[in-house]
Amino acid sequence: MRQFKTESKKLLDLMINSIYTNKEIFLRELISNASDAVDKLNFKSLTDDSMHVEQGDLAIRIAFDRDARTITISDNGIGMTADELERNLGTIAHSGSEEFKTENAESQGDAIDIIGQFGVGFYSAFMVAKRVRVVSRAFGADEANVWESDGLEGYTIEPGERADHGTDVILTLRDDVAGENGEEGENYSRYLSEWALKDLVKRYSNYVRYPIQMMVTKSRQKPKPEDAGDDYQPEYEDYQELETVNSMTPIWKKRREDVEDADYHEFYKATFHDFEDPARTISFHAEGALEYDALLFIPGRAPFDLYSKDYEKGLALYSSNVMIMEKCADLVPDYYNFVRGVVDSADVSLNISRETLQQNRQLRAIARRIEKRITSDLEDMRDNDREAYEKFFESFGRGLKYGIYASYGAKAGELADLLLFWSAKEQKMVTLAEYVKAMPEDQKAIYYAAGDDRERLAKMPVVTGVLARGYDVLLLTQDVDEFTFQSMREYVAKDCPKVYEDEAAREAAAKAVADGAEPELEDRHLELKNVATGDLDLASEDEKKEAEEATREHSDLFDAMKEALGDNVQKVAVSARLGENDTPAVITTEGPLSLEMEKVLKRGPEGDVEGMPTAQRVLELNGKSPVFGKLVAAQEAGDADKVKLYTGLLYDQALLVEGILPEDPVVFAKNVCELM
């Protein structure tokens, strides 16, 4: 027996038991080796006129014997001599394929796609096999040779027989191991089935460029006997037929114009197990420092588990048509986690197991390009197929908003223009850019209201008051919406007509445009303002002055109301935003936390934890309402009980308008009855 030419048993044990995380990867590695052997022969035939090879005959075959517990992977490639068996299989980590690529780097071109790099893939066979026998006959040689090993100490090389050039790798599988003490055992017998082997080929090697063939069992109806009666029931029989089980040419390598949409849709549904066509297909080929093909799909609907912790994002990563990772999470950002697809590149540096990437720099470069293409395609859908985009946004918009929030606003520049919100004025979904385009010239902020129901929000006094002044209000109804706006702080509207504060400058600009000049443009930085905050600053100077004077004049009343409400409010004051026909009182907030954000936080897992932040509430009274007159009269009459009763009712009423239950509904009902 010959010894392996390394520090032998220790390194071989590392190869077999430590490099690969998934035992079923063995078939991918052996098929890749077979593909390399066929590629080498193909290349030699293209460069050597004396070698004649029928291209259509090149193939890889898989067979299994359940009784003998063997799996055989055969190819009719270039084969190996005894010396090559010694060099390639007797020396661990020596890659004949890598050596071949280096020697023929200048001439192999696109016709050849050698996969192997490290010279360790073959040894993955020992993860499932207790003995491996390799029978190989080099192209042009008269005899074959047999390499055999149990993967422990060494190997033997002896003369053998093979009818034609190529290689057979015969694996004798390990015995099954029963689980003990609740631990899972090892079922190696699962690989000894037609279905299991076809599944592994489909999953990992479906796009190897040569046919992978297997004898598969099929069923057919037997011929009807001539003497069969009227009650004859058809009989069926099983038979075996050689079948190609891989697709070979990947759809992402084909030019976009050569593929029908129906073909893309069929590939998407079959590969990603969806019953609906994708909403969008993105196919492109990138060249440069990194060359790769990408085929991406935006689903037509959200998967049921998209927003669960069990959902796994990522694109399938292939290298030279061989799947490396089923879901490479680093290829798409979290806010595009719904995108499905494939990226294939022969240029990425893989680690020794070919299960992960070696250089994150390469991955980041691909991911940046993919992200830009997805963004560009979503923008195109938004601008040219609005109905489809609104349907997309209904399913996946939450993730885009969360992308801004999770990045503390850093991703607002890329994602803000993809967001849609309901316009109270336009009565439809609009982008922030569309909101800005439609707003009056004197408007200095984007106004919004947050809540859980659009219809209720539209009726709130703080919303109707802003609408009455001619300004639109965006109605935000998802729990992440206001957190997203808080993270953004402002929206930068690009290329807006310049706003001139000075009247003379405004007139001069208008005249210049009338004379044919291009309007001067600027980027406008617009604050995002919640209409339920106290610093809205929409009232006129007269309205502000009137409210301030009323607050000072009745300071004793407001002190009494503040005392009655205690820590529930920061202060009580006359509102400058409410008109004569508006509600008697509203609750606004000071500081960054709004009432809606407080509600969202309370619904969270730590909502009942002591010390959770709460909104700083302000009770604003409508000084023009008859109710205010009743309050003033009660205070002047010294009726402290009535002031306290009215205060509690107004506060609870304002809470109900905001969609918040009174702190004590029983007391609220009692106070209403007492007033009646």
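Residues numbered from 1 in each chain as written. Predicted model: local features only at pLDDT ≥ 70, side-chain atom pairs only at ≥ 80, totals over all residues. Heavy atoms only, no water.

**Here we look at the overall build of the protein**
So, step 1. Helix and strand counts for the protein come out as 20 helices and 23 strands.
So, step 2. Within the span of the protein, comprising 676 residues, buried residues form 48% of the whole.
So, step 3. Summarising the internal contacts of the protein: among those between residues at least 6 apart in sequence, 69% fall at separations of at least 24.
So, step 4. Surface accessibility of the protein: about 35000 Å² in total, with carbon and sulfur atoms responsible for 46%. (Helix = DSSP H or I, 4+ residues; strand = E, 2+ residues; numbered from the N terminus. Buried < 20%, exposed > 50% of the residue type's maximum accessible area, 1.4 Å probe, protein only. Contact = heavy atoms within 4.5 Å. Areas by Shrake-Rupley, 256 points an atom, 1.4 Å probe, with all protein chains shown as cover.)

**Some remarks on the confidence of the model for the protein**
So, step 1. Overall, the prediction assigns the protein a mean pLDDT of 85, with 90% of residues at 70 or greater.
So, step 2. For the protein, helix H4 (residues 96-103) is the element with the lowest average pLDDT, namely 48, and strand E2 (residues 60-65) is the one with the highest, namely 97.
So, step 3. In the predicted structure, residues 107-118 sits below a pLDDT of 50 and forms 44 contacts with residues beyond four places in sequence or in another chain. (pLDDT = per-residue confidence, 0-100.)

**Structural notes on the packing of helix H7 (residues 360-384) against helix H8 (residues 386-406)**
So, step 1. Where H7 meets H8, the axes come as close as 6 Å, and the angle between the chain directions of the two elements is 125°. Regarding the angle of H7 to H8, the classification is oblique. Here H7 and H8 pass one another in a crossing that is left-handed. Residue-level contacts link Leu 378, Met 381, Arg 382 and Asn 384 of H7 to Arg 386, Ala 388, Tyr 389 and Phe 392 of H8.
So, step 2. Taken together, the residues of the contact of H7 with H8 break down into 5 nonpolar, 1 polar and 2 charged. (Axes fitted to C-alpha atoms, helices over the stretch in contact; angles between N-to-C directions. Parallel < 35°, antiparallel > 145°, perpendicular 65-115°, else oblique. Left-handed = near helix turned anticlockwise from the far one by under 90°. Nonpolar A, V, L, I, M, F, W, Y, C, P; charged D, E, K, R; others polar.)

**Re the nonpolar core**
So, step 1. Ranked by internal contacts, the top residues of the largest apolar core, which has 74 residues, are Tyr 336, Ile 370, Phe 392, Tyr 447 and Leu 474.
So, step 2. Grouped together as the second largest cluster of nonpolar side chains are 55 residues, Ile 60, Met 127, Val 169 and Tyr 207 included. (Core = buried A, V, L, I, M, F, W, Y, C linked by side-chain atoms within 4.5 Å.)

**Overview of the pattern of salt bridges**
So, step 1. In total, this model carries 39 salt bridges according to the counting rule given.
So, step 2. For Glu 243, the salt bridge is made with Lys 198, and the minimal N-O distance between the two is 3.8 Å. Of this pair, Glu 243 sits in strand E9 (residues 236-244) while Lys 198 sits in helix H5 (residues 194-204), and the two are 45 residues apart along the sequence.
So, step 3. Note on Glu 243: relative accessible area 24%, which makes it partly exposed. (Salt bridge = Lys/Arg side-chain N within 4 Å of Asp/Glu carboxyl O.)

**Focus on the pairing of strand E17 (residues 445-450)**
So, step 1. Taking burial as the measure, the 6 residues of E17 include 6 buried ones, the bulk of the element.
So, step 2. A two-sided burial pattern is seen for E17, the buried positions comprising Ala 445, Tyr 447 and Ala 449 on one face and Ile 446, Tyr 448 and Ala 450 on the other.
So, step 3. With 4 bridges joining them, E17 and strand E20 (residues 521-530) adopt parallel strand pairing. Considered in E20, the bridge of Tyr 447 is made with Lys 529.
So, step 4. As paired elements, E17 and strand E18 (residues 474-476) share 3 bridges and run parallel to each other. Each bridged residue has a counterpart across the sheet, and for Ala 450 the counterpart in E18 is Leu 476. (Pairing = 2+ DSSP bridges.)

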